[in-house]
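The chain contents come next:
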Amino acid sequence: MITSQLLHLHTLNLTNNIFSRIDSSYFTCKSSVAKLVNPHLKVLVLIGMRLDWSQVELLMPYLTYLEELHLCRNQCSVISSAYTLPKGVWNELKYLNLESNGISDWEEVQEFRKLKSLERLGLGMNQIAKVTFRPGFRQLVTLDLYDNVIEEWASVNQINEFNEIRKLKISNNPIVNKDKSERVRENMIARIRNLEVYNGAQITKTEK
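These lines cover the structure that appears in this document, whether it is placed above or below. The residue count restarts for each chain, going from 1 along the sequence in the order it is written. Only residues with pLDDT of at least 70 get local features here, since the model is predicted, and only at 80 or more are side-chain atom pairs given and counted; chain-wide, interface and lining totals rely on the full set of residues. Side-chain measures here rest on the full set of heavy atoms in the structure, leaving out hydrogens and waters.

Glancing now at the packing of aromatic side chains. Pairing of aromatic rings covers Phe, Tyr and the six-membered ring of Trp, with a centre-to-centre limit of 6.5 Å; geometry is then stacked below 30 degrees between planes, edge-to-face above 60, and tilted otherwise. For the coordinates displayed, the defined rule picks out six aromatic pairs. Taken together, a centroid distance of 6.1 Å and an interplanar angle of 90 degrees make the contact between W53 and W90 edge-to-face. Taken together, the positions of W53 in helix 3 (residues 53–59) and W90 in the loop between strand 3 (68–70) and strand 4 (95–97) put the pair 37 residues apart, joining distant regions of the chain. Take W53 and W90: they sit in the same class, and that class is buried. Each member of the aromatic cluster is reached from another via a ring pair, and the members are W106, F133, F137 and F162. Secondary structure follows DSSP: runs of H or I at least 4 residues long count as helices, runs of E at least 2 residues long count as strands, and numbering of each begins at the N terminus. Only protein chains enter the accessibility calculation, which uses a 1.4 Å probe; a residue is then buried when its area is under 20% of its type maximum, exposed when over 50%, and partly exposed in between.

Here you go:
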């Protein structure tokens, strides 16, 4: 693996590189997991590589120290309904970006609520219609939901249940397009108690 050969590599960007699918037996003939793990690799960008979650799952044990993982424009539409995050995986991951993966159900990302360091979850440009709260996402500060299909205020109420949410991007959803922007902004601020930044704009003290 590239990461094991470049021992001090911090960021690896493989955007738009289409590799052959990794066979599940590929790593069994390699050396031990410990020898393939690069503790310096913090940011991995795998955008537009036609990856589905089965391929990501095979790579997980070798990406122990990642802090950012960008999987935009892939085929990771089926995640939590078919896969379970192993214990101890991605303990240091702070930012997971799944923009443009055809995700149609919030339930597909519920496994990520177990990630104890996750601060930002990128779900823009998918097909999510509603958000449902389950305990978890304890460190989640930033949630990107722009360009989805959220229609009901009930989803915003559910977002409020994530206690650490401070930044929300939810532009270009039916819920924000069917009313005046000022009124929608006021409603968002009223419903999400700890919100500080809405669609990229800082919330002032007078708006609270």
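Picking up where we left off.
Quick look at the side chain of K42 now. Mapped onto the fold, K42 is located in the loop between helix 2 (33–36) and strand 2 (43–45). Relative accessible area serves as the criterion here: at 16%, K42 is assigned to the buried category. In protein, a polar contact means a hydrogen-donor-capable atom and an acceptor-capable atom, both N or O and within 3.5 Å, with residues adjacent in sequence counting only if both atoms are side-chain atoms; elsewhere, any N or O pair within 3.5 Å suffices. Of note is the side chain of K42, whose polar atom sits 3.4 Å from the side chain of E92.

Now for the environment of L195. Its location among the elements puts L195 in the loop between helix 6 (181–191) and strand 8 (197–198). For the pair L195 and L168, spaced 27 residues apart in sequence, the C-alpha separation works out to 7.5 Å. The residues touching L195, leaving out its near neighbours within four places in the chain, are I165, R166, K167, L168, M188, I203 and K208. Contact between two residues is taken to exist if any of their heavy atoms lie within 4.5 Å; hydrogens are not considered.

On the secondary structure map, N97 appears in strand 4. A polar contact is formed between the side chain of N97 and the backbone nitrogen of E99, at a distance of 3.2 Å. Apart from the residues lying within four places of it in its own chain, the contact partners of N97 are L69, H70, L71, C72 and G122.

A separate point is the nonpolar core. The set of buried Ala, Val, Leu, Ile, Met, Phe, Trp, Tyr and Cys residues whose side-chain atoms join them within 4.5 Å is what this entry labels a nonpolar core. In this structure, W106, F112 and L145 are the most contacted members of the largest nonpolar core, which totals 55 residues. Excluding residues within four positions of it along the chain, W106 makes contact with L121, L123, I128, K130, V131, T132, F137, L143, L145 and F162.

Quick look at unusual backbone geometry now. Negative phi values dominate among residues other than glycine, just as trans dominates among peptide bonds. A positive phi is found at R50, a non-glycine position, where the angle reads about 60 degrees. You can see R50 is positioned in the loop between strand 2 and helix 3. We classify R50 as exposed; its relative accessible area is 56%. Even without being glycine, M125 reaches a positive phi, approximately 60 degrees. Mapped onto the fold, M125 is located in the loop between strand 5 (120–122) and strand 6 (142–144).

So far we have only geometry, and geometry alone does not tell us how the molecule works.
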